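Per-entry structural report
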Amino acid sequence: MLAFIAENLAPVMFGALVLFLLMGFPVAFALAANGLVFGLIGIELGLLTPALMQALPERVFGIMRNDTLLAIPFFTFMGLILERSGMAEDLLDTIGQLFGPIRGGLAFAVIFVGALLAATTGVVAASVISMGLISLPIMLRYGYDRRIASGVIAASGTLAQIIPPSLVLIVLADQLGRSVGDMYAGALIPGLVLTGLYAGYIILTAIIRPEAVPALPMEARTLQGAKLFLRVITTLVPPLVLIFLVLGTIFLGIATPTEGGAMGASGAILLALAKRKLGWALLRQAMDSTAKLSSFVLFILIGSTVFGLVFRAVNGDLWVEHLLTGLPGGQLGFLIVCNVLVFILAFFLDFFELAFIIVPLLGPVADKLGIDLIWFGVLLGVNMQTSFMHPPFGFALFFLRSVAPKTDYIDKITGKLTAKVTTGQIYWGAVPFVIIQLIMVALVIAFPSLVDAGLDRGPAIDLDKVKIEIPSFEDNAPPPFPGQEDDPNNDIMKQFQQK
């Protein structure tokens, strides 16, 4: 038995991690405990040396001094301040009035505002809860199909996963050893294309089932003409300016992602001040939530570092590499297996857990197969977006369930009895959007230019044509630099030339 464990310590270690996760242990502590326990087992079996564990303090300190990770609390704080300052409510009300006269107008407004919130907040929970509280009652009031209403709200909220400044893209860039700015630039076009696919689904629904996505009745359109135009301008300009401050400066190379996040947090505070909604209670809630999320990410990262150190020491990376590079189909076969694996694991793990556990194992193999890691990271980001949308652990569905009406209620505007939204309706409403996300994964694989178009890679260099010329030492060599005439190395160099 001991001989079998010694020869297969890497797969046994990985299997033990999966078992711990399925038993419900917290991910951070499951990772760290597996690393420490199997590190001790490896030392007892003579496979590892005790000196290996001395590398842990330096690795943990390396995480603490990683400037890139500072962007996570900045963007989280920015999103929470904006969500609590009423920006989402103003956007949804205004854009809903703008799109109200057309079928599916409220759904289009939710998708458009979801993209804007994604580009300003970067937090899925804030987007889904805001739109669920504000838009869902209006959509139910005017006869929207409950499955479509709940699905479009949950899916639009998950755009914060892939549209910069996404927190997941920061983690993916860190785990793959690539620039956050490049990851943001590569993810921008796929995020916008995915937004367009959501809108296309609503257009198709409006054509096939117009009764499921009705237009707003005339009495519900309170803003028209010049008033509506002025409201659109005054509502859209502040978030667009904030988007430029955050993303524009990063893409132009003026600011790092951390600096962009700091500017975004400052801009969010200024917007809240301008709306006279910035108070001690709001600041305290935002700081508490930011501290909790940042600590959650940090503990998972520390746990994954402990696990990764021991896993690589027992040649676990080589085991995974041999397992995946031996797949038929080369790059395409590897990509198909990776995406199927991530999609299945997303039923049980959330996006942070996937990023910290799976990506460090897949990234080196992708690099060895010649796959661009920025493109690979964006592809995994689009795929991991499905972790929010399918049961049993679809967090966007949980967020929406928490704010959707659980019992029948009397609508405050119409005075009519409105039926509740069931959990089954929320789950079934998410299915078409999960399919759309998988279509987006296929599009990124089929058209890599969707990612590459956003990257400035500079002029292409053909390594086969690169020449390296080393000047030879000859008698007619140029005279020494001033001050080198008496250099003792000159005599040694002359002897070398004579030989």
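Quick look at the structure, then.

What follows covers the overall build of the protein chain. For the protein chain, the count of helices and strands is 23 helices and two strands. Among the 499 residues that make up the protein chain, the fraction classed as buried is 48%. A separation of at least 24 residues holds for 78% of the contacts in the protein chain among residues at least 6 apart in sequence. Entry remark: accessible area of the protein chain is about 24200 Å², with carbon and sulfur atoms responsible for 67%.

Taking 1.5 Å per residue as the helical rise, helix H11 (residues 180–208) with its 29 residues ought to reach 42 Å, and the 42 Å between its terminal C-alpha atoms agrees with that figure. At Leu188, H11 shows its largest kink, close to 30 degrees, and the proline Pro190 lies no more than four residues downstream. Backbone nitrogen of Gly181 and a side-chain oxygen of the N-cap are separated by 3.1 Å at the start of H11; the cap is Ser179.

This part is about the layout of surface pockets. Put simply, the largest pocket is a space of about 700 Å³. Lining the largest pocket are 31 residues, and of these Val18, Leu21, Leu345, Leu349 and Ile357 lie nearest its centre. Mapped onto the lining of the largest pocket, the elements with two or more residues apiece are helix H2 (9–22), helix H3 (27–44), helix H14 (280–313), helix H15 (316–325), helix H16 (330–345), helix H17 (351–357) and helix H18 (359–368). Examining the composition of the lining of the largest pocket, we find that five residues originate from one element, H2, more than from any other. Partitioning the lining of the largest pocket into residue classes produces 28 nonpolar, one polar and two charged.

This paragraph deals with the environment of Thr249. By the element assignment, Thr249 lies in helix H12 (residues 225–251). Residue classification places Thr249 among the buried residues on the basis of a relative accessible area of 6%. Taking the C-alpha atoms as reference points, Thr249 and Glu259, 10 residues apart in sequence, are found 9.1 Å from one another. If we ignore the near neighbours within four places in the chain, the residues touching Thr249 are Phe244, Ile254, Ala255 and Met263.

Before going further, it helps to spend a moment on unusual backbone geometry. The phi torsion of most residues other than glycine is negative, and most of the peptide bonds are trans. Even without glycine at this site, Asn315 takes up a positive phi of about 65 degrees. Looking at where Asn315 falls in the secondary structure, it is placed in the loop between H14 and H15.

A contiguous nonpolar patch, built from Phe229, Ile233, Val237, Val241, Phe244, Leu245, Leu252 and Ile254 and spanning about 780 Å² of accessible area, is present on the exposed surface. When you line up the elements, Leu252 lands in the loop between H12 and helix H13 (257–274). Here Leu252 falls in the exposed class, since its relative accessible area comes to 59%.

This paragraph deals with the packing of aromatic side chains. Given two aromatic rings, their pairing is described by the distance between the two centres and the angle made by the two planes. In total, this model carries nine aromatic pairs according to the counting rule given. Seen in terms of ring centroids, Tyr198 and Phe433 are 5.3 Å apart; in terms of plane orientation they differ by 80 degrees. Their pairing is edge-to-face. Taken as a pair, Tyr198 in helix H11 and Phe433 in helix H21 (residues 423–446) lie far apart in primary sequence, 235 residues in all. Each member of the pair, Tyr198 as well as Phe433, carries the same accessibility label: buried. Each member of the aromatic cluster is reached from another via a ring pair, and the members are Phe14, Phe307, Phe311 and Trp319.

Bringing the nonpolar core into the picture now. Counting residues in each nonpolar core, the largest one holds 151 residues, and the members touching the most others are Met139, Val152, Phe334, Phe376 and Met389. Looking at this core element by element, the count peaks at 12 residues for helix H7 (residues 105–120). With residues near it in sequence (within four places) discarded, Phe376 still touches Phe334, Leu335, Cys338, Leu362, Gly363, Ala366 and Ile371.

Our focus in this paragraph is helix H9 (residues 146–157). Between its first and last C-alpha atoms H9 spans 17 Å; for 12 residues at 1.5 Å apiece the expected length is 16 Å, and the two agree. In terms of burial, H9 is largely enclosed, as 11 of its 12 residues are buried. Within H9, burial applies to Arg146, Ile148, Ala149, Ser150, Gly151, Val152, Ile153, Ala154, Ala155, Ser156 and Gly157. For H9, the side-chain oxygen to backbone nitrogen distance between the N-cap and Arg147 is 2.9 Å, and the N-cap itself is Asp145.

Turning to the pattern of salt bridges, a few remarks are in order. Taken as a whole, this structure holds three salt bridges when the rule is applied. The salt bridge involving Arg147 is made with Asp145; its shortest N-O contact spans 3.7 Å. Take Asp145: its relative accessible area is 17%, and that puts it in the buried class. The residue Arg209 makes a salt bridge to Asp145 at a minimum N-O spacing of 3.1 Å. You can see Arg209 sitting in the loop between H11 and H12 and its partner Asp145 sitting in the loop between helix H8 (124–141) and H9, a full 64 residues away along the chain. Look at Arg209 and you get partly exposed, because its relative accessible area is 31%. Ionic contacts of the salt-bridge type, sharing partners, join the residues Asp145, Arg147 and Arg209 into one network.

About the criteria used
Residues numbered from 1 in each chain as written. Predicted model: local features only at pLDDT ≥ 70, side-chain atom pairs only at ≥ 80, totals over all residues. Heavy atoms only, no water. Helix = DSSP H or I, 4+ residues; strand = E, 2+ residues; numbered from the N terminus. Buried < 20%, exposed > 50% of the residue type's maximum accessible area, 1.4 Å probe, protein only. Contact = heavy atoms within 4.5 Å. Areas by Shrake-Rupley, 256 points an atom, 1.4 Å probe, with all protein chains shown as cover. Expected span 1.5 Å × (residues − 1). Bend = angle between axes of the 7 residues up to and from the residue. Polar contact = N/O pair within 3.5 Å; in protein donor to acceptor, adjacent residues only side chain to side chain. 1 Å grid on protein atoms, 1.4 Å probe; cavity = no way out; pocket = protein on both sides within 12 Å on 5 of 7 lines; lining within 4 Å. Points joined across faces, edges and corners; volume = space filled by probe spheres on them. Nonpolar A, V, L, I, M, F, W, Y, C, P; charged D, E, K, R; others polar. Patch = residues over 30% accessible without salt bridge, like charges linked within 9 Å, V, L, I, M, F, W, Y side chains within 5 Å. Salt bridge = Lys/Arg side-chain N within 4 Å of Asp/Glu carboxyl O. Phe/Tyr/Trp six-rings, centres within 6.5 Å; stacked < 30°, edge-to-face > 60°. Core = buried A, V, L, I, M, F, W, Y, C linked by side-chain atoms within 4.5 Å.

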